[in-house]
Amino acid sequence: FTLRGPLFVRRSVLFLTLLVHIARGQVSYSIPEEMEKGSIVGNIAQDLGLDLQRLKSGKVRIYSRDSTEYIELNRNTGSLLSREKMDRESLCAKTTPCAFVSFDVIFENPMELYRVSVDIQDINDNSPVFPKSKIEQKISELAVLGARFPLESAIDPDVGVNTLKKYTLQPTDHFKLNVQNGAGGNKNVEMVLHSPLDREKKQHHNLILTAFDGGKPQRSATVQINIIVLDVNDNAPVFSQSSYKTSVVENAPKTTIVTKISATDADESSHGIQYNFEHVTYTVKALFSIDADSGEVKVIGDIDYEKHKQFTVKVKASDHGGLTDSSEIIIDVIDVNDNAPKITIMSFSSAVSEDAIPGTVIAMINVQDLDSGDNNKITCSIDLNSPFKIVSSLTNYYNLVTDSELDREQTAEYNITITAVDGGNPPLSSKEILNLKLSDVNDHAPQFEQESYNAFIAENNPPSTTILTVKAIDMDWGQNAKVSYFLIDGDLNGAPLASYISINSESGVIYAEKSFDYEQLKSFKMQVKAQDGGSPLLSNNVTVNIIIQDQNDNAPQVLYPIQTGASVVAEIVPRAADVGYLVTKVVAVDVDSGQNAWLSYKLQKATDRALFEVGLQNGEIRTVRQVTDKDAVKQKLAVVVEDNGQPSRSAVVSINVAVADSFPEVLSEFTDFTHEKQYIDNLTFYLILALAVVSLLFIVSIISIISVKIYRWRQNKLFYQSGANLPVIPYYPPVYADGTLQHVYNYELCGTTDSRMSDMKFIRPYSQNTLVSQSRMGTVQREKKEITNFRGNIPLINS
Ligand SMILES: *[C@@H]1O[C@H](CO)[C@@H](O)[C@H](O)[C@H]1NC(C)=O
Ligand SMILES: *[C@@H]1O[C@H](CO)[C@@H](O)[C@H](O)[C@H]1NC(C)=O
């Protein structure tokens, strides 16, 4: 044993005691397993105290009962050598001590026998081994705490301290290790759950189980434990949001997807979450649907922003295990410009006075739009170029006011179109037409159609003749335009104008009140007023010129020679007169004018037509030939004076011409103008007769009047006595009018009961008074007074 160095020496000390014990026939050796081949197990010579000679002489040898020879003997040295490696585990397994190798050493000469046994000592040459390299374990996530899960133990063939000593498990967050010593000295290993598993947190747990032996150096083995956590429906679905906000435009077509909700479930087994509405109103049900599988919310009805601006829909997600989650969808409805503005006329005065001042309110308008936002921003306008404007008073209230002066006479009626447009895109609009009538104000005076009127009227017109019609127009309306016509009072020749002229106040027709005489009144002016019926009334004047036109109503008047029925005037032509001797000149006038006063003279009758001629224009009577002695002294001429009127009027003048050289000759000739005297006598008789008849008529009339008066007086008395209401019998006494003779002469008849006192006044036209005819030569002239005044007796010749 010394061969093995100091360590071995110590051991050999130990063995020495054994050896001593065994020295009586038995030697034991102890060697570690796995010694190399040829290693010295021991020296038999030394250990038995034998001489090396003895080894030779004794022919020492080794005998094994079984044929296996693990040890051989060196006869020269006595050393025991291992013939092969010895593995304790295969020789002895778990048996200790392992005295598997034993043999006998046999000597001859003398025969000696020693029993040798070799004890093989264990060394830690084996690591623990797990039966499987990986362990898979499925555990429900709901496994209770303290649950045990046995694990397969590791195996270490070594024995003693070299065999399995302990296990460790890493990590230990959920499991810890529990090792129990089993019946056969085995260690039973198990995992114990000490903190709950959650598949949803961690589905796989990887643990390392390590087994250690007690050798030196220590050996170990590991095994991986895969723990699969099995799912249990322990989680409810969870909506991705606690509330979903979304929006949808109103009038969105059906099947429009509003939103898609989703919920997740941590559990593995629960795909197929079902989505549903929860406690929804009938309205929501009619408008939206939800797809139970996909969670899509769709439009199925007509969404109207004006009815609902927002919907809150509760939704539920449920898994197959009946676990649920709730959420809500808030659907905002987005307004679409689907409502036109609505115009409401709050108040409207359909008629406004034309003198309304600018700013007068005509109508109050309210506009509304059911939409919101810009779609609700309304602009109100009216047609341009109208004398109105629209002003905003309050929000959505407008006033329609007049913007400028109005004039009914220009425009009597307006159709005002009010347009309201909202701010949507595209905008919607609506219209309202107001029919406004202007009421009249009397702001126009009647206007005559002409600046002045000229009217012509022929003289001698019958009274009430229409002269002309004036017309004035008033631009106003109704009573304000009702024109009346009046004459503006004035005087004409000292008499009121109204006695000449009248006007129909309604028609404007101007009438003559009397017959005009051109010779007295040639023209006059007057003012006619046209006045309307307004308040205050307005009027206008116009000048009317009335021009009276001449008519040929006057025959020429012969001024010279003066014609008197009673006197005889003669022109004297001396017998020695030459041809062309101016006998006389007929002077005549015509009070008419113009053509009517244009006179021409003609010889109508003559004793000797060949002797005289009359100047057509100037009325001069001249001799045509030499007067002879044969010519009669007494020549009678009749000259007709004719005016140029239509029809013409004429006057005849008789001229006595005496062809003589001396006055006595003339006288003797002219005294036998007796038949003329006879004519005058006849005339006187007729006049007296006429006067007598008139006087008689007058007396009869007076008697009649008196008798009627008496009769009525008696009737009245009767009436009062009887008290009866007798009808009054109208009685009109005969009318005694002024004997106004319309033409040249006026006669005044002053009737008295005394016919002798009757006086007939002869008034001559003024022209006759003013014109004084001058006789040129040798003419005989009568005093005017003697001719014009006569009272019963008429002087015949007063020479
Ligand atoms: C206004 O409208 C009415 C009805 O449409 C029509 O009769 C009338 O002539 C119109 N007036 C004006 C001035 O346009
Ligand atoms: C019309 O005539 C009257 C009387 O002469 C006068 O008072 C009035 O002012 C006149 N009116 C007009 C409008 O000329």
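Residues numbered from 1 in each chain as written. Chains lettered and ligands numbered in written order. Predicted model: local features only at pLDDT ≥ 70, side-chain atom pairs only at ≥ 80, totals over all residues. Heavy atoms only, no water.

In the annotation of an unreviewed UniProt entry, the chain is listed under the name Cadherin domain-containing protein and assigned to Sinocyclocheilus rhinocerous. Looking at the Subcellular location (unreviewed entry) heading of the UniProt record, one finds this comment for the chain: "Cell membrane". (UniProt positions renumbered as here; feature names shortened; annotations may be inferred.)

Peer 1: Explain the site of ligand 1 here, please?
Peer 2: Close to ligand 1 lie Glu413, Asn415 and Asn435, which account for all nearby residues. At a separation of 2.3 Å, an oxygen atom of ligand 1 approaches a polar side-chain atom of Asn415. For ligand 1, whose free accessible area comes to 360 Å², the fraction covered by protein is 31%. (Near = heavy atom within 4 Å. Polar contact = N/O pair within 3.5 Å; in protein donor to acceptor, adjacent residues only side chain to side chain. Areas by Shrake-Rupley, 256 points an atom, 1.4 Å probe, with all protein chains shown as cover.)

Peer 1: I tried to follow the packing of aromatic side chains on my own but got confused; where do I start?
Peer 2: The description of an aromatic ring pair rests on the distance of the ring centres and on the angle between the ring planes. Going through the model one piece at a time under the given rule, you end up with 13 aromatic pairs. Centroid distance Phe288 to Phe311: 5.2 Å. Interplanar angle 75 degrees. Geometry classified as edge-to-face. On the criterion of sequence distance, the pair formed by Phe288 in strand β20 (residues 288-290) and Phe311 in strand β22 (residues 310-318) is long-range, its members being 23 residues apart. Of the residues examined, Phe311 reaches a relative accessible area of 4% and is grouped as buried. (Phe/Tyr/Trp six-rings, centres within 6.5 Å; stacked < 30°, edge-to-face > 60°. Helix = DSSP H or I, 4+ residues; strand = E, 2+ residues; numbered from the N terminus. Buried < 20%, exposed > 50% of the residue type's maximum accessible area, 1.4 Å probe, protein only.)

Peer 1: Looking at this structure, I do not really get the state of the cysteines. What am I missing?
Peer 2: The bond known as a disulfide is covalent and runs between the sulfur atoms of two cysteines. Scanning all chains against the criterion turns up one disulfide. Two residues, Cys92 and Cys98, share a disulfide whose sulfurs are 1.4 Å apart. Across the S-S bond of Cys92 and Cys98 the torsion is about 70 degrees, and the bridge reads as right-handed. (Disulfide = S-S within 2.5 Å.)

Peer 1: Looking at this structure, I do not really get the sheet that holds strand β17 (residues 257-260). What am I missing?
Peer 2: Sheets are built from strands that pair by backbone hydrogen bonding, the pairs being arranged parallel or antiparallel. The strand order across the open sheet built from three strands is β17-β21-β20, with neighbouring strands paired in antiparallel fashion. One side of each edge strand has no neighbouring strand; the edge strands of this open sheet are β17 and β20. Each strand of the sheet is rotated relative to its neighbour by a mean of 20 degrees, with strand direction disregarded. Here β17 pairs with strand β21 (residues 296-299) via three bridges, running antiparallel. Across the sheet, Ile257 pairs through a bridge with Lys298, a residue of β21. (Pairing = 2+ DSSP bridges. Axes fitted to C-alpha atoms, helices over the stretch in contact; angles between N-to-C directions.)

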